[in-house]
Amino acid sequence: MAVESAPNPLISTQKSSDTSLQVALHPLVLLTISDYITRHTLRQQKGPVVGALLGQQNGREITIEHAFDCLLQQVDGEVILSQAWFEDRLQQMKDVHKVPALDLVGWYTILPTSGPQPNHLPIHRQILQSYNESAILLGFHPTAVLETSAGGKLPLSIYESNFEADDTTVDNGEDKEMKDGEPQLALKFKELPYSVETGEAEMISVDFVAQGGGNATAVESTSKKPSQGKSEPADKGKGKTRATKGSEDSETSKGDDYLSREDEELIASLTAKANAIKMLHSRINLIAVYLQNLPPSYVSSTVPEGAESSDKQYTPVSHSILRSIQALLGRLSLLIPADSAAFEHELMSEQNDVNLVSLLSTITQSIKDVREAGRKFAIVDNQKSLKLKPERGGPQGWGNNSFNGGVMGVGDLIS
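Residues numbered from 1 in each chain as written. Predicted model: local features only at pLDDT ≥ 70, side-chain atom pairs only at ≥ 80, totals over all residues. Heavy atoms only, no water.

A word on the overall build of the protein chain
Here's step 1: On a plain count of helices and strands, the protein chain comes out with 12 helices and 10 strands.
Here's step 2: In the protein chain, which comprises 415 residues, the share counted as buried stands at 21%.
Here's step 3: Here the protein chain has roughly 31,400 Å² of accessible surface; of this, 56% comes from carbon and sulfur atoms. (Helix = DSSP H or I, 4+ residues; strand = E, 2+ residues; numbered from the N terminus. Buried < 20%, exposed > 50% of the residue type's maximum accessible area, 1.4 Å probe, protein only. Areas by Shrake-Rupley, 256 points an atom, 1.4 Å probe, with all protein chains shown as cover.)

Regarding the pattern of salt bridges
Side chains carrying opposite charge are able to pair once their charged atoms draw close together.
Here's step 1: Taken as a whole and assessed by the stated rule, the structure comprises 3 salt bridges.
Here's step 2: Among the salt bridges present, the one from Lys 94 reaches Asp 103, with a minimum N-O distance of 3.2 Å.
Here's step 3: Judged by its relative accessible area of 27%, Lys 94 is partly exposed.
Here's step 4: The exposure class of Asp 103 is partly exposed, given its relative accessible area of 39%.
Here's step 5: Between Arg 375 and Glu 372 there is a salt bridge, and its shortest N-O distance comes to 2.6 Å. You can see Arg 375 and its partner Glu 372 sitting in helix 11 (residues 340-393), 3 residues apart, about one turn around the helix.
Here's step 6: Judged by relative accessible area, which is 44%, Arg 375 ranks as partly exposed. (Salt bridge = Lys/Arg side-chain N within 4 Å of Asp/Glu carboxyl O.)

So, the pairing of strand 2 (residues 50-58)
Here's step 1: Sheet topology places strand 2 next to strand 6 (residues 103-110); 6 bridges connect them, and they run antiparallel. Within strand 6, the position partnered with Gly 55 by the bridge is Asp 103.
Here's step 2: Relative to strand 3 (residues 61-69), strand 2 runs antiparallel, the two being bridged by 8 bridges. The residue bridging Gly 51 from the neighbouring strand is Asp 69, located in strand 3.
Here's step 3: The hairpin turn running from strand 2 into strand 3, its antiparallel successor, is 2 residues long, and Gly 59 in that turn takes a positive phi close to 65 degrees. (Pairing = 2+ DSSP bridges.)

Examining the environment of Gln 91
Here's step 1: Relative to the assigned elements, Gln 91 resides in helix 2 (residues 83-96).
Here's step 2: Judged by its relative accessible area of 42%, Gln 91 is partly exposed.

Some words on helix 3 (residues 121-130)
Here's step 1: Across the 10 residues that make up helix 3, a large majority, 7, are buried.
Here's step 2: All of the buried residues along helix 3 are Leu 121, Pro 122, Ile 123, His 124, Gln 126, Ile 127 and Leu 128.

Re a nonpolar patch on the surface
Here's step 1: A contiguous nonpolar surface patch, about 470 Å² in accessible area, is contributed by Leu 356, Leu 359, Leu 360, Ile 363 and Ile 367.
Here's step 2: Take Ile 363: it is sitting in helix 11. (Patch = residues over 30% accessible without salt bridge, like charges linked within 9 Å, V, L, I, M, F, W, Y side chains within 5 Å.)

Let's talk about the packing of aromatic side chains
Here's step 1: According to the stated counting rule, one finds 2 aromatic pairs in the structure shown.
Here's step 2: Judged by centre distance (5.0 Å) and plane angle (70 degrees), the ring pair of Phe 86 and Tyr 131 falls under edge-to-face. Remark: Tyr 131 occurs in the loop between helix 3 and strand 7 (136-140) and Phe 86 occurs in helix 2; sequence separation between them is 45 residues.
Here's step 3: Residue Tyr 131 is classed as partly exposed on the basis of its relative accessible area of 24%. (Phe/Tyr/Trp six-rings, centres within 6.5 Å; stacked < 30°, edge-to-face > 60°.)

Observations concerning the sheet that holds strand 3
Here's step 1: Read across the open sheet, the 8 strands follow the order 9-8-7-6-2-3-1-10; overall the sheet is mixed. A single partner strand is all that each edge strand has here, and the edge strands are strand 9 (185-192) and strand 10 (194-196). This sheet shows a mean twist of 35 degrees between the axes of neighbouring strands, independent of strand direction.
Here's step 2: As defined by bridge partners, strand 1 (residues 22-25) adjoins strand 3 across 4 bridges and the pair is classed as parallel. Across the sheet, Val 23 pairs through a bridge with Ile 62, a residue of strand 3.
Here's step 3: Against the sheet, helix 2 touches strand 2, strand 3 and strand 6, its axis set at about 120 degrees to strand 3. (Axes fitted to C-alpha atoms, helices over the stretch in contact; angles between N-to-C directions. Contact = heavy atoms within 4.5 Å.)

Here's the deal with helix 1 (residues 27-42)
Here's step 1: In this model helix 1 runs 23 Å from its N-terminal to its C-terminal C-alpha over 16 residues, within 8% of the 22 Å that 1.5 Å per residue would give.
Here's step 2: When helix 1 is considered as a whole, its buried residues turn out to be Pro 27, Val 29, Ile 33, Tyr 36, Ile 37 and His 40.
Here's step 3: Residue Gln 44 follows helix 1 closely and has a positive phi angle near 55 degrees. (Expected span 1.5 Å × (residues − 1).)

Some points on the confidence of the model for the protein chain
Here's step 1: Mean pLDDT over the protein chain works out to 78, with 72% of the residues at or above the 70 mark.
Here's step 2: For the protein chain, helix 12 (residues 403-414) is the element with the lowest average pLDDT, namely 42, and strand 6 is the one with the highest, namely 94.
Here's step 3: Between residues 221-241, whose pLDDT stays under 50, and residues either more than four places distant or in other chains, the model counts 3 contacts. (pLDDT = per-residue confidence, 0-100.)

Side note on the nonpolar core
Here's step 1: Phe 68, Leu 81, Phe 86, Ile 127 and Phe 189 are the most contacted members of the largest nonpolar core, which has 23 residues in total.
Here's step 2: Taken together, the elements giving at least two residues each to this core come down to strand 2, helix 2, strand 6, helix 3 and strand 9.
Here's step 3: Per element, the largest residue contribution to this core is 4 residues, and it comes from helix 3.
Here's step 4: Sequence-distant contacts of Phe 189, defined by excluding residues within four places in its chain, comprise Leu 10, Ile 11, Ser 12, Pro 116, Leu 121, His 124, Leu 137, Tyr 159, Glu 160 and Ser 161.
Here's step 5: Counting residues in each nonpolar core, the second largest holds 20 residues, with Ile 64, Ala 67, Tyr 108 and Ile 136 among its members. (Core = buried A, V, L, I, M, F, W, Y, C linked by side-chain atoms within 4.5 Å.)

Some details on the environment of Ala 24
Here's step 1: Note on placement: Ala 24 falls in strand 1.
Here's step 2: If we skip the residues at most four places from it in the chain, Ala 24 touches Ile 62, Thr 63, Ile 64, Ser 195 and Glu 197.

Points about the pairing of strand 5 (residues 78-81)
Here's step 1: As paired strands, strand 4 (residues 72-75) and strand 5 are joined by 4 bridges and run antiparallel to one another. Each bridged residue has a counterpart across the sheet, and for Gln 73 the counterpart in strand 5 is Ile 80.
Here's step 2: The antiparallel pairing of strand 4 with strand 5 creates a hairpin that spans 2 residues between the two strands, and Asp 76 there sits at a positive phi of about 55 degrees.

Some thoughts on the environment of Thr 143
Here's step 1: Residue placement: Thr 143 occurs in helix 4 (residues 143-147).
Here's step 2: Note on Thr 143: relative accessible area 51%, which makes it exposed.

In structure tokens form, the structure reads like this:
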């Protein structure tokens, strides 16, 4: 029998209003958080993962643009921020990010999918009291990473905090004692919706990271080095051979494991085009399914009587969506030329011009290569002829006006 998990007492049960915070999350923050969690895990560091979030707050709109990890300390059994260190680092980050001016908007940590726990309250209270009264909490869910499929929801949640009346008493059907005075307030968290925004600089960095991730390869451990060291005495005196073999092996391994920059750019371009085509195909299918499930009176002008009285569940009619689809169909005529024959003839002419220019470029390059080969051949031939002339004249030609010597001198003067 499955046991239902108890609700988190720190999560607010009040309904969210239309005036709740609107959060815009930048990808650079996600990269920073994932990098810190990875380093913390691989280095087997102890303690919780805690960091600060920097951004801007304009009324009820908050942007999260940068993040940095924090130093913690334990005071009276509670884990809190090291205040002196945190203030210095926060001031340094503010000095760096002046345009636009960024400030502390919240903090992040690792949370279960159920939400914040009591051990997270000391740090949150410290930030609320000392730095920002409306600080938000970003919780990363490591357990949701393995469960989330590609293209699904990000494994994180963003919470705002409010002080609400603490109603933790259990109703057992008995009469409750009425107490005068104000109800006790407790800190509650409420999950916020968020959107992901990307700047131009972030697009470049995220694209670079994505290309590096796609070209990542597993590197074998160096545990085989001692066995190679034992075989060195057998090859003593053949250091050049060993170096050559090592360089060949390294070049072969590099060629097998890594892609060139041209290959990476080609793969990235083809992947982007494939994703765009898949998205276009899915949107077209969505439009087709929507139109197929409309009532018959909206699909065809001639509808037999009683056609709409069937038990089929039709899609709710949205005139704004129908107008958008009609506008899309109206713009298709701009993509399809009116005179297709003339368009194909012009396209063929342009293609022939491009091929002709490419052919001329190839011929020009071939002529240049032939001239370069002829120049080098002339240099080599002249050097050979200069070496053979003294051998033909012999020792008797020195000091005498011999035929060969005279011709050689005249040729030198003429040249």
